[in-house]
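Next come the chains, spelled out residue by residue.
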Amino acid sequence: MVQIDPAISWSIALSVAALFAVAVAHKVQDWTTFREVVRNYQLLPQRLVPLVAAAAIALEMAATLLVLIAATRPIGALLAAGLLTGYATAMAINLARGRIHLDCGCLGFGQRQAVRWWMVARNLLLAALALLAGQPMLGRELTVLDAVTVIGTTATLAILYTAQNVLAAAPRPQMR
């Protein structure tokens, strides 16, 4: 089994936790719209939409908490990877159906962004990173420099993720 440096494990774990914590906040804040996004994917019978939407929130909250505790990180990482893979699969199914105008629900609600194949790839990459965070850590103590590195890395990844989403959602100027 691969062992990773604890600074890398913590950087990824905090980034995954931040990603899911923000996602949970958006879903809880606008429960009605979140259910509508789940419904619009047209993958479930209508009667299961509220149950699956509630389960998604609960599982995201669990992944957030589990990945933050070193002892439960492998379970949290596996759960996070499973959720991200599930979301990628839902997008891929709809793209294969030709439903390219479907709102992915990725930016929070009130900010529509159509599903795209790069989002499928992004979610699968994030799932792989989440799994990496669940690998056993090397047996070394973290230093103050490691703490600065973890905080800086987590902040940088959050900024890059947000910037990528904002740029991807921005309208493209027409070339003449």
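Residues numbered from 1 in each chain as written. Predicted model: local features only at pLDDT ≥ 70, side-chain atom pairs only at ≥ 80, totals over all residues. Heavy atoms only, no water.

Colleague: Before we move on, could you go through the side chain of Thr64 and cite the residues and values that matter?
Modeller: Mapped onto the elements, Thr64 comes out in helix 3 (residues 49-68). With a relative accessible area of 10%, Thr64 lands in the buried category. One polar contact links the side chain of Thr64 to the main-chain carbonyl oxygen of Glu60, over a distance of 2.8 Å. If we skip the residues at most four places from it in the chain, Thr64 touches Ala17, Phe20 and Ala21. (Helix = DSSP H or I, 4+ residues; strand = E, 2+ residues; numbered from the N terminus. Buried < 20%, exposed > 50% of the residue type's maximum accessible area, 1.4 Å probe, protein only. Polar contact = N/O pair within 3.5 Å; in protein donor to acceptor, adjacent residues only side chain to side chain. Contact = heavy atoms within 4.5 Å.)

Colleague: Any chance you could break down a nonpolar patch on the surface for me, citing the residues and the numbers?
Modeller: On the surface, Ile8, Leu125, Leu129 and Leu132 cluster together into a nonpolar patch covering about 330 Å² of accessible area. Element by element, the count of residues in the nonpolar patch is highest for helix 5 (residues 117-133), at three residues. (Patch = residues over 30% accessible without salt bridge, like charges linked within 9 Å, V, L, I, M, F, W, Y side chains within 5 Å. Areas by Shrake-Rupley, 256 points an atom, 1.4 Å probe, with all protein chains shown as cover. Salt bridge = Lys/Arg side-chain N within 4 Å of Asp/Glu carboxyl O.)

Colleague: Describe the packing of aromatic side chains, and please don't skip the residues or the numbers.
Modeller: In the structure shown here, the tally under the stated rule is one aromatic pair. Summarising the aromatic geometry, the rings of Trp31 and Phe34 are spaced 6.4 Å apart at their centres and angled 50 degrees between planes, so their arrangement reads as tilted. Here Phe34 and Trp31 lie together in helix 2 (residues 31-40), a separation of three residues that amounts to about one turn. A residue is classified by how much of its surface remains accessible, and Trp31, at 29% relative accessible area, is partly exposed. On the accessibility criterion, Phe34 (6% relative accessible area) is buried. Cation over ring: Arg73 sits above Trp10, and NZ or CZ is 3.9 Å from the ring centre. (Phe/Tyr/Trp six-rings, centres within 6.5 Å; stacked < 30°, edge-to-face > 60°. Lys NZ or Arg CZ within 6 Å of the ring centre and 35° of its normal.)

Colleague: Lay out the nonpolar core in plain terms, naming residues and giving numbers.
Modeller: One finds Val16, Phe20, Val67, Ala80, Leu84 and Ala130 to be the most contacted residues of the largest nonpolar core, which totals 15 residues. Contributions of two or more residues to this core are made by helix 1 (6-29), helix 3, helix 4 (73-96) and helix 5. Contact partners of Val67, with chain neighbours within four places excluded, come to Ala13, Val16, Ala17, Arg73, Gly76 and Ala77. Met91, Ala92, Cys104 and Val120 belong to the second largest nonpolar core, which has 12 residues in total. (Core = buried A, V, L, I, M, F, W, Y, C linked by side-chain atoms within 4.5 Å.)

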